[in-house]
Amino acid sequence: MSADSKPTFRPFRNLNWQDQVSTAWTIFQLQARLVFSQRFVWFISGILLYIGIIYAMNYQQTVRDRLDYEDLYMVLMTMPLLILTVYVNMQVIVNEKDQGTLEVMFTTAGSRYKVWLLRLGALNVLLFFVTLALSAVVFFTFADFSILGMACNVFATIFLVGNLTLYVAILLRSSLGAGMVTGVFIMLHSMIIGIMSDIGERSSRFEMQRYFLFFNPYDVPEQFDPVTWDLMMWQNRTGAMILGLVFIFFAIRGMDNRDRLLQ
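My aim in this report is to walk through the structure given alongside it, one point at a time. Owing to the predicted nature of the structure, the values given are computational and were not obtained by experimental measurement.

**A closer look at helix α7 (residues 147-172)**
Line of reasoning, step 1. Helix length check: α7 (26 residues) gives 37 Å between terminal C-alpha atoms against 38 Å at 1.5 Å per residue, within 8%.
Line of reasoning, step 2. The buried count for α7 comes to 19 of 26 residues, which makes it a mostly enclosed element.
Line of reasoning, step 3. Following α7 by one or two positions, Arg173 has its phi on the positive side, about 55°.

**Quick notes on the packing of α7 against helix α10 (residues 226-254)**
Line of reasoning, step 1. Relative to each other, α7 and α10 sit at 25°, their axes nearing to 8 Å. With respect to each other, α7 and α10 are oriented roughly parallel. Seen along the crossing, α7 lies across α10 with a hand that is left-handed. In contact with Asn153, Phe155, Ala156, Thr157, Phe159, Leu160, Asn163, Leu164, Leu166, Tyr167 and Ile170 of α7, α10 contributes Met233, Arg237, Ala240, Met241, Leu243, Gly244, Leu245, Phe247, Ile248, Phe250, Ala251 and Gly254.
Line of reasoning, step 2. Residue composition of the contact of α7 with α10, grouped by class: 17 nonpolar, five polar and one charged.

**Considering the packing of aromatic side chains**
Line of reasoning, step 1. Using the criterion set out here, one finds 14 aromatic pairs in the structure.
Line of reasoning, step 2. A centroid spacing of 5.9 Å and a plane angle of 85° characterise the contact between Phe139 and Phe145, whose relative ring orientation is edge-to-face.
Line of reasoning, step 3. Measuring from ring centre to ring centre gives 5.7 Å for Phe155 and Phe159, while their planes differ by 40°; the resulting arrangement is tilted. Highlighted residues: Phe155 and Phe159, both in helix α7, separated by four residues, approximately one helical turn. There is no split in this pair, since Phe155 and Phe159 are both buried.
Line of reasoning, step 4. Among the aromatic residues, those joined into a cluster by ring pairs are Phe128, Phe129, Phe155 and Phe159.

About the thresholds
Residues numbered from 1 in each chain as written. Predicted model: local features only at pLDDT ≥ 70, side-chain atom pairs only at ≥ 80, totals over all residues. Heavy atoms only, no water. Helix = DSSP H or I, 4+ residues; strand = E, 2+ residues; numbered from the N terminus. Expected span 1.5 Å × (residues − 1). Buried < 20%, exposed > 50% of the residue type's maximum accessible area, 1.4 Å probe, protein only. Axes fitted to C-alpha atoms, helices over the stretch in contact; angles between N-to-C directions. Parallel < 35°, antiparallel > 145°, perpendicular 65-115°, else oblique. Left-handed = near helix turned anticlockwise from the far one by under 90°. Contact = heavy atoms within 4.5 Å. Nonpolar A, V, L, I, M, F, W, Y, C, P; charged D, E, K, R; others polar. Phe/Tyr/Trp six-rings, centres within 6.5 Å; stacked < 30°, edge-to-face > 60°.

Spelled out as structure tokens, the structure:
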């Protein structure tokens, strides 16, 4: 190769499909390492330990007192994944600051929005696969249900909460503050929905559940139309995903203020 020759790079769209898959997988692995650092194994180990403890306690109970579908959704799926997604999203900016790479984001050639979209895309894809894997573990150890259906229902909730946490972390420039604000929001939201459900008529109490962040599709009220409940579930999950995307949009726009984030 002559001294004047330069390496040539082909755009991603011009690669054959094998190279595209290989490149996408490499990018995903690198982004996942940056997001989780060396803590991924510890996260998964903690969740599996939690599941193991609940499993041991559950089978010490009589058949009548064991966890049912409604409990599995909240206790085994939503709660551990909610803690994981809040922690990971509140650390995104902090990790960049600690590693000294946040300023590099603002000097990278091309659009920095693409860099952040890759980072956040890898984070949420990985969270979905963790949710899917946990759903499979719960399926084989506790009860028979749709693995994909359970995973999609839980992921819509943690997607919204995770991106809310990310937005607040950028707004406040504080990971601890983001975690606290998200916790207060969840508590106040649950209290408001609970109060509004208690003061309404029986039918309106159930209708209010469509706005509940932790809408439980498996906890169908007695003498309530299952078709209506299913429609409410779809409305709830669709709204959660849309709001999650809105928070991603405002979070990325909030990264425009370079000096403020680097302080």
